[in-house]
Amino acid sequence: MDVSHQQSQATQGDVNQQYLTFIMGPEEYGVEILSVQEIRGWQKTTAIPNAPEYVKGVINLRGNVVPIIDLRQRFGLNELSYGPTTVVIVVKVKLEKNSKIIGIVVDAVSDVIIVDDKNLRPTPDFGLDTDVRFIKGLTSLSDKMVIILDVHKLLGNEVLPSAQQLSSIIEQLEIPTV
């Protein structure tokens, strides 16, 4: 599914941002919709020798070799077999001098939400040992918390948070009352 036609014509002064939300385990996450290139069903990848377990391999996407990362595995969540709702969200990540395309495997796509910047809560401070730079903020949606990820910081530096760091962050999050 190509989501480029769903992107808003936002202007510089707008304080609302659109996020594509997705499910991994019991948590819901979101990424800026402007970084999303497309959403694809799971397909077999070409394995890369000696790659970390969470790197599922690469796919050929219209002539481009795209690495596929299973965020569930990378975040230290229990492994799940891929099913009909498993999708790959293809995102464009900005680097210092260029950009790259990466696919992230998630359990299911949830929705497109609009979040007013004033409703985006900062990430709690967990001390010096916990790197939360990849979390843009937190927002409440009905009775659940959505963790908004910054894909450029999460995937752009070639450094993903350790499973222990992310598990610790998720366990300590509290749903703020609105």
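Residues numbered from 1 in each chain as written. Predicted model: local features only at pLDDT ≥ 70, side-chain atom pairs only at ≥ 80, totals over all residues. Heavy atoms only, no water.

For the protein, an unreviewed UniProt entry supplies the name Chemotaxis protein CheW and the organism Shewanella aestuarii. Reading the Subcellular location (unreviewed entry) entry of the UniProt record for the protein gives the comment "Cytoplasm". (UniProt positions renumbered as here; feature names shortened; annotations may be inferred.)

Participant: Could you give an account of the side chain of glutamine 73, with specific residues and numbers?
Facilitator: For glutamine 73, the location among the structural elements is in helix α1 (residues 71-74). In this structure, glutamine 73 is in contact with Glu53, Tyr54, Lys56 and Glu79, ignoring residues within four places of it in sequence. (Helix = DSSP H or I, 4+ residues; strand = E, 2+ residues; numbered from the N terminus. Contact = heavy atoms within 4.5 Å.)

Participant: How would you sum up the nonpolar core? Please name residues and give values.
Facilitator: For soluble globular proteins, the rule of thumb is that nonpolar side chains tend to be buried together. Membership of the largest hydrophobic core comes to 26 residues, with the highest contact counts inside it found for Phe22, Leu71, Ile89, Leu149 and Leu155. Broken down by secondary-structure element, the contributors of at least two residues to this core are β1 (16-24), β2 (27-32), β3 (36-41), β6 (87-94), β7 (99-106), β9 (135-141), β10 (144-149) and α2 (151-155). The element contributing the most residues to this core is β6, with four residues. With residues near it in sequence (within four places) discarded, leucine 149 still touches Phe22, Tyr29, Gly30, Val31, Phe75, Phe134, Ile135, Lys136 and Leu154. One finds Ile59, Leu61, Val90 and Val105 within the second-largest nonpolar core, a separate group that totals seven residues. (Core = buried A, V, L, I, M, F, W, Y, C linked by side-chain atoms within 4.5 Å. Buried < 20%, exposed > 50% of the residue type's maximum accessible area, 1.4 Å probe, protein only.)

Participant: Account for unusual backbone geometry, naming residues and giving values.
Facilitator: In the Ramachandran plot, asparagine 50 falls in the positive-phi region, its phi being about 65 degrees despite a non-glycine side chain. As for its placement among the helices and strands, asparagine 50 is situated in the loop between β3 and β4 (55-61). For asparagine 50, a relative accessible area of 82% gives the class exposed.

Participant: Describe the pattern of salt bridges, with residues and values.
Facilitator: Following the criterion strictly, the structure yields five salt bridges and no others. The partner of glutamate 38 in a salt bridge is arginine 40, and the shortest N-O contact between them spans 3.1 Å. The closest approach of N and O atoms between arginine 62 and glutamate 38, which form a salt bridge, is 2.3 Å. Taken together, the residues arginine 62 in the loop between β4 and β5 (64-70) and glutamate 38 in strand β3 connect sequence positions 24 residues apart. Relative accessible area serves as the criterion here: at 65%, arginine 62 is assigned to the exposed category. For glutamate 38, a relative accessible area of 10% translates into the label buried. (Salt bridge = Lys/Arg side-chain N within 4 Å of Asp/Glu carboxyl O.)

Participant: Which residues make up the confidence of the model for the protein, and what values do they have?
Facilitator: Low-confidence regions, as indicated by low pLDDT, have predicted coordinates that should not be scrutinised in detail. Per-residue pLDDT for the protein averages 78, and the proportion of residues at 70 or more is 75%. Here helix α3 (residues 163-172) stands out as the least confident element of the protein, with mean pLDDT 48; β3 is the most confident, with 95. Predicted confidence is poor over residues 158-167, with pLDDT under 50, and the contacts of this stretch with residues over four places away or in other chains come to 23 contacts. Scored below 50 in pLDDT, residues 173-178 shows 15 contacts in the model against residues more than four places distant or in partner chains. (pLDDT = per-residue confidence, 0-100.)

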